[in-house]
Amino acid sequence: MPSSRDRSLIILGATGDLTERLLLPGLASLLAAGRARGVQLIGASSSDWSDERWRDLLRSTLGESAGDALPGILDRARYVRTDATDADALRA
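Read on for a plain summary of the structure. Being a predicted model, the structure only gives us computed values, none of them experimental.

### Observations concerning the overall build of the chain
Okay, step 1: Along the chain, the regular secondary structure elements total 4 helices and 3 strands.
Okay, step 2: Relative to the globule expectation of 12 Å for 92 residues, the C-alpha radius of gyration of the chain, 13 Å, shows essentially globular dimensions.
Okay, step 3: With the C-alpha coordinates aligned to their principal axes, the bounding extent of the chain is approximately 35 × 30 × 20 Å.
Okay, step 4: Counting all 92 residues of the chain, 34% fall into the buried class.
Okay, step 5: In the chain, once contacts between residues fewer than 6 apart in sequence are set aside, the share between residues at least 24 apart is 71%.
Okay, step 6: Summed over all atoms, the accessible surface of the chain reaches about 5,800 Å², with 50% contributed by carbon and sulfur.
Okay, step 7: Averaged over its 12 positive side-chain charges, the chain has a centre that lies 6 Å from the centre of its 13 negative ones.

Written out as structure tokens, the structure is:
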């Protein structure tokens, strides 16, 4: 059951290099410190990825740095193919 502390983080350009090299490792530090528990990571990009491919990236990038938060993050993670320059696509 979601709690009032659960939040979603939508990462636009999720399949890009900066997400993998900078954003996700920084997020792993927050997870390890217990500061981002309950977050749902929604990857969004124009690339033809699946939820599983997004979870694979999270698993390899967050890894052990995320501590015991990783299984919950992976369970809630999902990927959406969208065009970040299209307002209607983002609303959907």
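### Structural notes on helix 2 (residues 51-62)
Okay, step 1: For helix 2, with 12 residues, the first-to-last C-alpha span of 16 Å sits near the 16 Å given by 1.5 Å per residue.
Okay, step 2: Residues of helix 2 that are buried make contact with strand 1 (7-12), helix 1 (17-32), strand 2 (39-45), helix 3 (70-76) and strand 3 (78-81).
Okay, step 3: Within two residues after helix 2, Gly63 carries a phi angle of roughly 45°, on the positive side.

Definitions and limits used
- Residues numbered from 1 in each chain as written.
- Predicted model: local features only at pLDDT ≥ 70, side-chain atom pairs only at ≥ 80, totals over all residues.
- Heavy atoms only, no water.
- Helix = DSSP H or I, 4+ residues; strand = E, 2+ residues; numbered from the N terminus.
- Rg over C-alpha atoms; globule rule 2.2 N^0.38 Å.
- Buried < 20%, exposed > 50% of the residue type's maximum accessible area, 1.4 Å probe, protein only.
- Contact = heavy atoms within 4.5 Å.
- Areas by Shrake-Rupley, 256 points an atom, 1.4 Å probe, with all protein chains shown as cover.
- Lys, Arg positive; Asp, Glu negative; His and termini not counted.
- Charge placed at Lys NZ, Arg CZ, Asp CG, Glu CD.
- Expected span 1.5 Å × (residues − 1).

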